[in-house]
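Residue-level structure breakdown
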Amino acid sequence: MAALSAQTIELPSWAFGNSGTRFKVFAQAGVPRDPFEKIADAAQVHRHTGVAPRVSLHIPWDKVEDYAALAAHAKDHGVTIGAINSNLFQDDDYMLGSLTHPDARVRAKAVAHHLECLDIMRATGSKDLKIWLPDGLNYPGQDDLRARQDRLAEGLAQVYAGLDPDHRIILEYKFFEPAFYSMDVPDWGTSLLHCLALGEQAMVVLDTGHHAPGTNIEFIVAQLLRVGRLGAFDFNSRFYADDDLMVGAADPFQLFRIMHEIVGADALRPDSGVNFMLDQCHNIEPKIPAQIRSVMNIQEATAKALLVDRDALVAAQQAGDVLASNGVLMDAYNTDVRPLLAQLRESQGLDPDPMRAFAASGYTDTIVAERVGGAQAGWGA
Ligand code: LRH
Ligand code: MN
C-alpha cells in the first residue's frame, strides 16, 4: 500500500486535445481550447486517482505568454508542470532532419528551440527536457547515416551545455515513422550511446509503442535500469504500430512484466529517477475517463508486480525449477488486485471507483456547456 500510494504518473497535455490519424481527427465536445483548460482537465484525473500530480507540456502546442502564470494555474488545480517536450516534427525546415540536417542553419534553429524549452523549464519549475526526433531517411543513400549521427551528437552536446545542474535531457527513441527507411534515434542502444556521450544528466525515454513487433521490452527496461540510464517511460499500448492506445489495453501482461522489472530493481521509489509518464491519444474515446482508466491500469500492473513472492521466485530460479518460477509470477499476475486498490483509494479519502466518481462529478457536462467557441486544441492545431 505504501509503494502504491507513493507512485506518481505524469499525464500528457496533448491527450486532452483532439487527435486522430491521417484519415480523420474526430473532434469531441468540451475539448480544451488552451493549455490552461488542458491542465484543468488533467487535474480531474489526479482528483479522482490521487496519483497523477504532474502534466507534461509540448512546445509550441502549449505555448503561452506567461509560463509562470500557467504553473501557478496548475498549482491552483493541485498539480505541477512536468517534462517539457520539444517539437521538431511540424516545421517545414525540418523535412530532411533537425539536429541531423545537412544544413548548419537548420541544425542551429533546432538547438535554439531546445534552449527556448530550457527557459520555459526555468519558468515552470520543470526538470526534464524530453527530446524525440522525427529525424530519419525514407530511401537508402538519401543521406549519410554516420554523418547524421555525428551532427546529432554535436547538436545534443550544445543543448546539454545549456542545462542547469538539476535539469535532465531525456532522449526518446522510435524504430520507424515518420521516416520509413531509418530513424536517427531508432532504438535504445542509439539513445543510450548518445546519453553516455553527453553525461550524467542524459537519460533514455522508453515509449512502449516505439519497438519492432515482438521486442522484449522488459529486457530493455532491466538493462537500462542496470546501467542507471532509464529516465522515463512514455506509457501506451499498441496492437500493430505506434497506436498510442491506453496503456495496458492491448497487452496488460506486458505492462505487468515491465512493472515486475521496475519493482525488482526497486525503481518504483519516487526518487528512483524514473519518470512514469503517459503518451497517448484518445481518438474516439472520451479523454479524461480514458486517462483515468490508463492510470488505473498502471496501478493494477504495479500492484500485481508488488505481489510477486520474490523469495519463492528466487528460490525456484536458483533451483532451476522452470515451472515453479514461472508459476510464482503467474500467481501474482492472476491475482485480482482491484479490491486492494479500492481499499487504497478509500485510505486516501477517494472514491474506490474513480471512473464512477468522475462520471458523477458532472465535470464533463460543465466543460461541454462552458467551452463553446474558440479553436479546440489538437494535433496540428
Ligand atoms: C512520438 C511521441 C513523442 C511525442 C509525441 C507526442 O511518436 O511518442 O513522445 O513528442 O509522440
Ligand atoms: Mn512518446
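Relevant structure appears above.
Residues numbered from 1 in each chain as written. Chains lettered and ligands numbered in written order. Predicted model: local features only at pLDDT ≥ 70, side-chain atom pairs only at ≥ 80, totals over all residues. Heavy atoms only, no water.

**Some details on the environment of Ala265**
Considering the arrangement of structural elements, one finds Ala265 in the loop between α8 (252–264) and β10 (275–278). Distance in space between the C-alpha atoms of Ala265 and Ala3 is 13 Å, their sequence separation being 262 residues. (Helix = DSSP H or I, 4+ residues; strand = E, 2+ residues; numbered from the N terminus.)

**Focus: the coordination of the manganese ion (ligand 2)**
Those donors, Glu172 (OE), Asp207 (OD), Asp234 (OD) and Asp279 (OD), are the protein atoms that reach the manganese ion (ligand 2), and they lie 2.1 to 2.2 Å from it. The coordination sphere of the manganese ion (ligand 2) comprises 6 donor atoms, whose angles at the metal cover 73 to 171 degrees; the geometry is octahedral. Read N to C, the donor residues that coordinate the manganese ion (ligand 2) are spaced as E-x34-D-x26-D-x44-D. A residue pair is termed long-range when its members are at least 10 positions apart, and Asp207 in strand β8 (residues 202–207) and Asp234 in strand β9 (residues 230–235) qualify at 27 residues. Each member of the pair Asp207 and Asp234 is classed as buried. (Donors = N, O, S within 2.8 Å, 3.2 Å for Na, K, Ca; no water. Tetrahedral: all angles 85-135°; square planar, octahedral: opposite > 155°, others 65-115°. Buried < 20%, exposed > 50% of the residue type's maximum accessible area, 1.4 Å probe, protein only.)

**Thoughts on the pairing of strand β4 (residues 128–132)**
Burial runs high along β4: 5 of the 5 residues are buried. Of the two faces of β4, both are covered, the one formed by Asp128, Lys130 and Trp132 as well as the one formed by Leu129 and Ile131. Bridge count for strand β3 (residues 80–85) against β4 is 2 bridges, and the pairing is parallel. Bridging across to β4, Asn85 finds its partner in Lys130. Handedness of the β-α-β unit built from β3, helix α4 (residues 104–124) and β4 comes out right-handed. (Pairing = 2+ DSSP bridges. Right-handed = clockwise from strand over helix to strand, strands pointing away.)

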